[in-house]
Amino acid sequence: MVTTPGDPGCVGFPEDSSKENAMKNVKIGILGIGTVGAGVYELLEKHKKVIGKKSGIDIEIKKIADKAAERRKLLNIPASIFTPDADDVISDPDIRIVVQLIGGTTVSRELMLKAISHKKNIVTANKALLAEHGVEIFKAVVKEEVEFGYEASVGGGIPIIKTIRESLVGNQIDKVIGIVNGTTNFILTKMMREDLSFDEALKIAQELGFAEADPYLDVSGWDACHKITILSSLAFNTPVDMSKVFVEGIEGIHMKDIQYADELGFVPKLLAIAERHDNGVLVRVHPSLVSKENPLAAVSWEDNAIMLYSDFLGKSMYYGKGAGAKPTASAVVGDITDIALKITSKTEYNKNRYSFYQDLQQKDFETSRTKFYFRFSALDRPGILSKIAGILGKNNISIASVIQKETEEEFEHVPLVILTHEALEADTRRAVKEIDGLSEVEGKSIKIRVIEG
Ligand code: HSE
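Residues numbered from 1 in each chain as written. Predicted model: local features only at pLDDT ≥ 70, side-chain atom pairs only at ≥ 80, totals over all residues. Heavy atoms only, no water.

Engineer: What am I meant to see in the overall build of the protein chain here?
Structural biologist: The number of helices and strands found in the protein chain is 15 helices and 17 strands. In terms of overall dimensions, the protein chain has a C-alpha envelope of 85 × 50 × 45 Å along the principal axes. Burial analysis of the protein chain (453 residues in total) assigns 52% to the buried set. The contacts of the protein chain with a sequence gap of at least 6 include a subset with a gap of at least 24, amounting to 73%. Accessible surface computed for the protein chain: about 21000 Å², of which carbon and sulfur atoms make up 52%. With 56 positive and 65 negative side-chain charges, the protein chain shows a separation of 5 Å between the mean positions of the two kinds. (Helix = DSSP H or I, 4+ residues; strand = E, 2+ residues; numbered from the N terminus. Buried < 20%, exposed > 50% of the residue type's maximum accessible area, 1.4 Å probe, protein only. Contact = heavy atoms within 4.5 Å. Areas by Shrake-Rupley, 256 points an atom, 1.4 Å probe, with all protein chains shown as cover. Lys, Arg positive; Asp, Glu negative; His and termini not counted. Charge placed at Lys NZ, Arg CZ, Asp CG, Glu CD.)

Engineer: Please clarify how the packing of helix H7 (residues 160–167) against helix H11 (residues 222–235) should be interpreted in this entry.
Structural biologist: Where H7 meets H11, the axes come as close as 10 Å, and the angle between the chain directions of the two elements is 10 degrees. Between H7 and H11, the interaxial angle falls into the category roughly parallel. Where H7 approaches H11, its residues Ile160, Ile161, Ile164 and Arg165 are matched on the opposing element by Ile230, Leu231, Leu234 and Ala235. Grouping the amino acids of the contact of H7 with H11 by side-chain chemistry returns seven nonpolar, no polar and one charged. (Axes fitted to C-alpha atoms, helices over the stretch in contact; angles between N-to-C directions. Parallel < 35°, antiparallel > 145°, perpendicular 65-115°, else oblique. Nonpolar A, V, L, I, M, F, W, Y, C, P; charged D, E, K, R; others polar.)

Engineer: Mind showing me how you'd approach the packing of aromatic side chains here?
Structural biologist: The way to describe two aromatic rings as a pair is by their centre distance and the angle between their planes. Applying the stated criterion across every chain yields a total of 10 aromatic pairs. With a centroid separation of 5.8 Å and 5 degrees between ring planes, the pair formed by Phe372 and Phe374 is classed as stacked. Side by side, Phe372 and Phe374 carry an identical accessibility label, which is buried. Assessed through its relative accessible area of 0%, Phe374 is described here as buried. (Phe/Tyr/Trp six-rings, centres within 6.5 Å; stacked < 30°, edge-to-face > 60°.)

Engineer: Even after reading the chapter, I still don't get the site of the ligand, so can you show me in this structure?
Structural biologist: Near the ligand you find 13 residues, and of these Lys127, Gly182, Thr183, Glu212 and Asp218 are the closest. Between the ligand and Gly182 there is a distance of 2.7 Å, counted from an oxygen atom to a backbone nitrogen or oxygen. A distance of 2.6 Å separates an oxygen atom of the ligand from a polar side-chain atom of Thr183. Starting from 260 Å² of accessible surface for the ligand in isolation, the protein chains cover 90%. Looking at the shell around the ligand, the elements with two or more residues in it are helix H8 (182–194) and H11. (Near = heavy atom within 4 Å. Polar contact = N/O pair within 3.5 Å; in protein donor to acceptor, adjacent residues only side chain to side chain.)

Engineer: Please explain the nonpolar core as it appears in this structure.
Structural biologist: As a rule of thumb, soluble globular proteins bury nonpolar side chains together. Core analysis: the biggest nonpolar cluster contains 76 residues, and Phe148, Ile160, Val176, Ile187, Ile228, Leu231 and Tyr373 have the highest contact counts within it. A total of eight residues in this core trace back to one element, the largest contributor, which is helix H6 (residues 127–144). Ignoring sequence-local partners within four residues, the contact set of Ile160 consists of Glu151, Val154, Leu231, Ile306, Leu308 and Tyr318. (Core = buried A, V, L, I, M, F, W, Y, C linked by side-chain atoms within 4.5 Å.)

Engineer: Would you mind showing me how to read unusual backbone geometry here?
Structural biologist: Apart from glycine, the bulk of residues carry a negative phi angle, and the bulk of peptide bonds sit in the trans form. A positive phi angle, near 60 degrees, is found at Asn76, a position not held by glycine. Phi is positive for Trp301, close to 50 degrees, though the residue is something other than glycine. As for its position among the elements, Trp301 is in the loop between strand E10 (280–291) and strand E11 (303–310). A residue is classified by how much of its surface remains accessible, and Trp301, at 25% relative accessible area, is partly exposed.

Engineer: Mind showing me how you'd approach the sheet that holds strand E4 (residues 97–100) here?
Structural biologist: Strands belonging to one sheet form pairs held by backbone hydrogen bonds; the direction of such a pair is parallel or antiparallel. Read across the sheet, six strands follow the order E3-E2-E1-E4-E5-E6 without closing on themselves; strand pairing throughout is parallel. The open sheet terminates on both sides in strands that have one partner only, identified here as strand E3 (82–83) and strand E6 (148–149). Inspection of the sheet shows strand E2 (residues 57–65) paired to E3 by two bridges, in the parallel sense. Within the sheet, the bridge partner assigned to Ile64 lies in E3 and is Phe82. (Pairing = 2+ DSSP bridges.)

Engineer: I tried to follow the pattern of salt bridges on my own but got confused; where do I start?
Structural biologist: For side chains bearing opposite charge, pairing can occur when the charged atoms are close. Throughout the structure, instances matching the rule amount to 35 salt bridges. Here Lys203 and Glu207 are joined by a salt bridge, their closest N and O atoms 3.2 Å apart. In this pair, Lys203 and Glu207 are both assigned in helix H9 (residues 198–208), four residues apart and thus about one turn of the helix distant. You'll find Lys203 and Glu207 in the same group, each marked exposed. (Salt bridge = Lys/Arg side-chain N within 4 Å of Asp/Glu carboxyl O.)

Engineer: What's the story with the side chain of Asp335 in this structure? I'm lost.
Structural biologist: Mapped onto the elements, Asp335 comes out in helix H13 (residues 325–343). Of the buried charged residues, Asp335 lacks a salt bridge, with Arg165 as the closest side chain of opposite charge at 5.5 Å. When sequence neighbours within four positions are dropped, the list of residues in contact with Asp335 reads Val123, Gly149, Tyr150, Glu151 and Ala152.

Engineer: In this structure, what is going on with the pairing of strand E7 (residues 173–179)? I would like to understand it.
Structural biologist: The side chains of a regular strand alternate, residue by residue, between the two faces of the sheet. Taking burial as the measure, the seven residues of E7 include five buried ones, the bulk of the element. Here E7 runs beside strand E9 (residues 266–277); their pairing, made up of four bridges, is antiparallel. Opposite Lys175, over in E9, you have Glu275 as the bridge partner.

Engineer: What's the story with the side chain of Gln100 in this structure? I'm lost.
Structural biologist: For Gln100, the position within the fold is in strand E4. Gln100 gets classed as buried once you look at its relative accessible area, which sits at 0%. Looking at Gln100, its side chain comes within polar contact range of the main-chain nitrogen of Ile102, at 2.8 Å. Here Gln100 is in contact with Leu31, Ser108, Met112, Ile122, Val123, Thr124, Ala125 and Leu129, once residues within four sequence places are set aside.

Engineer: Could you clarify how one ought to interpret the environment of Lys351 in this entry?
Structural biologist: Residue position: Lys351 is located in the loop between H13 and strand E13 (369–379). In sequence terms Lys351 and Glu145 are 206 residues apart; their C-alpha atoms lie 7.3 Å from each other.

Quick look at the structure:
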């Protein structure tokens, strides 16, 4: 065995100069050099040689297109590879992979479809675009027989797409539960650990830079919806219609419920959940109280985690940084290298990679069953609890425990916290409506879904 001092890429292998000659050059173009684009540029500058040694691929950035010329100077990008015009990238015959890092769903869609029609292989991080237009994009990808990488669209740097598609190909996946939005996870962690209000915690999350440009997408649950739409369609191999996903954000989560949940052994999380049922799939995003026993409860701050339930592997969890320039760039460069390896080897195009073999029905959220946490603000008088319990019972909701919280001040109404056994979503909606109509109950009741296990 010969080792090459100072060259860790070759340790343990005979020195072979022909290896250098075997390196395959693949030219790429980048559309959009914002936060993620800058991360990709930095990563390739830093690790290009090592990637070459590990994969045999020499990734060369031939062109970068962005309208904001000041980004070039800021990131020290040579003027020779910078252009304000995306068409310079798309129509360049030498460029084989277009790294599409433009946000939104309008211009980015047009450019992506145009690049595909020019037979460019694509890598993207744009989750909103894929969630909304995935079916159209995959059709175009298969038609033009190009490769498509979207690892960075879900879970930042966590290699979840490759894991589902390749490593778990021998499994039937039955359930996906993810904490896939770093901003909301940060906000809920901050509120719980530091007794901050929602607004205070959101402000800090924005300052730290992992919130979307429009933080509404984060707090309303839509960013998580984009991600679970992508994940569930891959996990269940079926088109998933984003408009049929139930979405509830964290705006309505009160400090009081976080404190009560903590006492009861739960942690608040915004969960994105997709389940396979006998007759379809059910996909939803909502705040949940997660039992402290569940590993997802330990996923704090801006971290992401995805738990998969599959028939042969069983339960598995994938954890890491779900946002930010560096983790996202890590996923993008993984995809670039993967695609470069495919297109430089003599393998036949595999359209199964980008097609769905079934079209499962998407079930109505009203049919979903889970445990619930309710908080009612009720008059502290004899008979009120039995009235509320009666309405729950009439609607098939079985109570697991009841706690009347004492308040420090003398209020007429007191918080009544009820945990239930599993109940049907539609039943709880009806029950809460009736309870909220009682003259002894003040304001709108709080209902949070509970996840144990
Ligand atoms: N705003 C997203 C998040 C960024 O907070 O997770 C990555 O998609």
